[in-house]
Amino acid sequence: MSIDGKSLRAAIEQTATFGAVDAAEGRGRTALPASEANGAAREYFCERLREAGLDVRVDAVGNIAGRWTPPSANPEAAPVAVGSHLDSVPRGGIFDGVLGVYSALEAVRAIQRSEAAPTRPLEVVCFTGEEGTRFADGVLGSSVATGKRSVEEALALSDGETTLESALDAIGYRGTGRLDAGDWDAWLELHIEQTTRLADAGVPLGIVTDITGTTRCHVTIAGEADHSGTTAMDDRTDALAAASELVLEVERRATATAETGTGTAVGTVGSLDVDPNVVNVVPGSASLQLDIRATDQREIQRQLDAVRRLLDALERHRGVSTSLTCDYDVPPTAMSERCQQTAADAAAKRGIPTRRVHSGAGHDTMQVATVTDAGLLFVASENGHSHSPKELARWEDCTAATTVLADALLALATETHHDT
């Protein structure tokens with residue numbers, strides 16, 4: 001089998017025009033879930049699926065699946081699925097998600113052109129709203145496909161102005177039914193790495209062992225607003241000063257946990273709102289959002305425990321009142337040994353170097369892995385830029401990785417020990 005690298009590049013670059021943004025360096029795009037730009041990207045994708053002879057269906061939350069049933073395959077057999085997403089963050093790069101979608105299609109096209117005889121159908125998938133930039137915190141479509149969120153709940157989600165249901169209707173991509181990832185025999189996703197481990201090692205392809213767990217929390221700190229000139233220092237209940245202690249404690253605890261544990265722990269305070277937020281008033285309240293991650297759930301818990309201890313201490317020593325809610329909690333997810341080994345074998349046969357790595361970012365694959373065998377592959381990222389117009393992967397690396405993806409797909413689609 002051989003991959004049409006020119007076709008892969010052309011599809012990615014064409015998708016980059018949907019929601020394209022000006023950038024001083026690189027190429028960027030903004031295609032939020034169910035936006036006009038996202039709708040255009042979906043339309044182009046579905047056209048490409050149909051051109052390749054795949055049967056296209058769209059489920060009620062906009063997940064897209066193109067199925068190819070080879071003449072050699074049992075149409076009733078559980079399919080092997082592959083894909084990613086087409087939505088982006090604001091001013092994101094052109095590879096994130098898009099590479100995974102079109103490498104999937106090009107892999108299937110390579111199998112079609114070959115003399116191979118898969119015994120299972122193959123599905124090329126685009127999930128709705130992976131990035132968490134609109135309607136949900138992330139992995140929206142895959143959470144429905146894995147049964148973790150109902151169709152009704154998902155369609156009712158709002159961005160503050162409209163619901164997912166209305167937005168999908170507006171772009172013509174609210175279908176029917178529910179794509180069920182539990183029906184798949186296996187799943188693979190190819191993604192840009194988003195850091196420099198592979199590039200630094202001179203290795204084009206990474207095989208992911210596990211995906212980090214992520215817990216996101218909202219903290220509120222209530223103090224007392226007062227005049228900055230007439231309120232003595234020892235009479236103040238400064239919410240921002242208390243919040244500052246929390247920001248530093250999150251940083252300290254994550255650093256210490258990474259040094260003594262798996263090395264994957266990170267902690268971030270990425271959002272801070274202060275009220276009344278004027279120069280001559282002691283801050284009366286502060287609202288913070290925390291992002292805590294690690295591949296070991298115990299390391300996440302240790303960081304959370306430290307946050308709770310500090311909040312208790314702030315109430316005692318600073319006189320503030322606090323609250324902590326954690327509404328987003330995805331545990332660390334191991335990748336299937338079967339999928340890892342299949343990809344490793346495929347790369348070895350092609351003479352393509354690989355390295356086992358963990359993923360510090362979340363992906364739809366972490367949802368799919370809870371209902372079927374799942375694997376995630378990384379392409380080396382030039383300079384590690386991600387969620388940025390500077391995001392870049394070498395085209396030859398993308399083609400090589402897609403070759404491995406095609407070989408792995410074919411191997412999974414001709415196995416018999418998982419027949420249903």
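Provided above is the structure to which this section pertains.
Position labels on residues start from 1 in each chain and follow its written sequence. Totals for whole chains, interfaces and linings use every residue, but because this is a predicted model, local features are given only for residues with pLDDT of at least 70 and side-chain atom pairs only at 80 or more, for both listing and counting. Only heavy atoms go into the side-chain values, all of them from the structure, while hydrogens and water stay out.

Peer 1: I'd like to hear about the overall build of the protein, residue by residue, with values.
Peer 2: The helix and strand inventory of the protein stands at twelve helices and 17 strands. For the radius of gyration, the atom set is restricted to C-alpha positions; the globular benchmark scales as 2.2 Å times the number of residues to the power 0.38. Computed over the C-alpha atoms, the radius of gyration of the protein is 23 Å, within 12% of the 22 Å expected from 2.2 N^0.38 for a compact globule of 420 residues. Dimensions of the protein along its principal axes, counting C-alpha atoms only, are 80 × 45 × 45 Å. The contacts in the protein between residues at least 6 apart in sequence include a share of 78% that link residues at least 24 apart. Note that accessible areas follow from Shrake-Rupley with a 1.4 Å probe, and for residues the cover is restricted to the protein chains shown. Working note: accessible area of the protein is about 17100 Å², and carbon and sulfur atoms make up 46% of it. Within the protein, the 62 negative side-chain charges are centred at a point lying 4 Å from the centre of the 37 positive side-chain charges. Only runs of H or I of at least four residues qualify as helices and only runs of E of at least two qualify as strands under DSSP, and these elements are numbered from the N terminus. Residues count as neighbours in contact if any of their non-hydrogen atoms are within 4.5 Å of one another. All tallies of charge rest on Lys and Arg as positive and Asp and Glu as negative; His and the ends of each chain are not included. Lys charges are placed at NZ, Arg charges at CZ, Asp charges at CG and Glu charges at CD.

Peer 1: Please set out the sheet that holds strand β14 (residues 321-330) residue by residue, giving values where relevant.
Peer 2: Judged by pairing direction, the sheet is antiparallel, and its four strands sit side by side in the order β11-β13-β9-β14 without closing on themselves. Each having just a single partner strand, β11 (266-275) and β14 make up the two edges of the open sheet. Pairs of neighbouring strands in the sheet enclose a mean axial angle of 15°, with direction left out of account. Axis geometry follows a simple rule: fit a line to the C-alpha atoms, using only the stretch in contact for helices, then measure angles between N-to-C directions, giving values from 0 to 180 degrees. On the sheet, helix α8 (residues 239-260) packs against β9 (213-222), β11 and β13 (285-294) and is oriented at approximately 170° with respect to β11. At least two DSSP bridges between two strands are needed for those strands to be called paired.

Peer 1: Give a detailed account of the pattern of salt bridges, specifying residues and quantitative values.
Peer 2: Any carboxyl oxygen of Asp or Glu that lies within 4 Å of a side-chain nitrogen of Lys or Arg is treated as forming a salt bridge with it. One pass over the structure, following the stated rule, counts 27 salt bridges. Across the salt bridge formed by Asp291 and Arg216, the nearest N and O atoms sit 3.0 Å from each other. Taken as a pair, Asp291 in strand β13 and Arg216 in strand β9 lie far apart in primary sequence, 75 residues in all. Salt-bridge contacts for Arg318 lead to Glu245; the nearest nitrogen and oxygen are separated by 2.7 Å. With Arg318 in helix α9 (residues 297-318) and Glu245 in helix α8, this residue pair connects regions lying 73 residues apart in the sequence. Taking relative accessible area as the criterion, Glu245 reaches 31% and is therefore assigned partly exposed. Among the ionic contacts, a cluster of salt bridges with common partners joins Arg48, Glu51, Glu106 and Arg109. In this scheme, a residue with accessible area under 20% of its type's maximum is buried, one over 50% is exposed, and one in between is partly exposed, where area comes from a 1.4 Å probe on protein chains only.

Peer 1: Please set out the environment of Gly160 residue by residue, giving values where relevant.
Peer 2: Tracing the backbone through its elements, the reader meets Gly160 in the loop between α5 (151-155) and α6 (164-171). For Gly160, a relative accessible area of 69% gives the class exposed. Counting along the chain gives 26 residues from Gly160 to Arg134, while the straight-line C-alpha distance between them is 9.4 Å.

Peer 1: So what about the packing of α8 against α9? Which residues, and what values?
Peer 2: With their axes 10 Å apart at the nearest point, α8 and α9 run at an angle of 155° to one another. Considered as vectors, α8 and α9 are oriented roughly antiparallel to each other. In the crossing of α8 with α9, the sense of the turn from one axis to the other is right-handed. Counting all contacts with α8, which are made through Ala241, Ala242, Glu245, Leu246, Glu249, Val250, Arg253, Ala254 and Thr257, the residues of α9 involved are Glu299, Arg302, Gln303, Ala306, Val307, Arg309, Leu310, Leu311, Leu314 and Arg318. Under the scheme applied, nonpolar residues are Ala, Val, Leu, Ile, Met, Phe, Trp, Tyr, Cys and Pro; charged residues are Asp, Glu, Lys and Arg; polar residues are all the others, including Gly. Grouping the constituent residues of the contact of α8 with α9 by class yields ten nonpolar, two polar and seven charged. Oblique is the label for every angle not falling under 35 degrees (roughly parallel), over 145 degrees (roughly antiparallel), or within 65 to 115 degrees (roughly perpendicular). Helix crossings fall into two classes, left-handed where the near helix is turned counterclockwise from the far one by less than a right angle and right-handed where it is turned clockwise.

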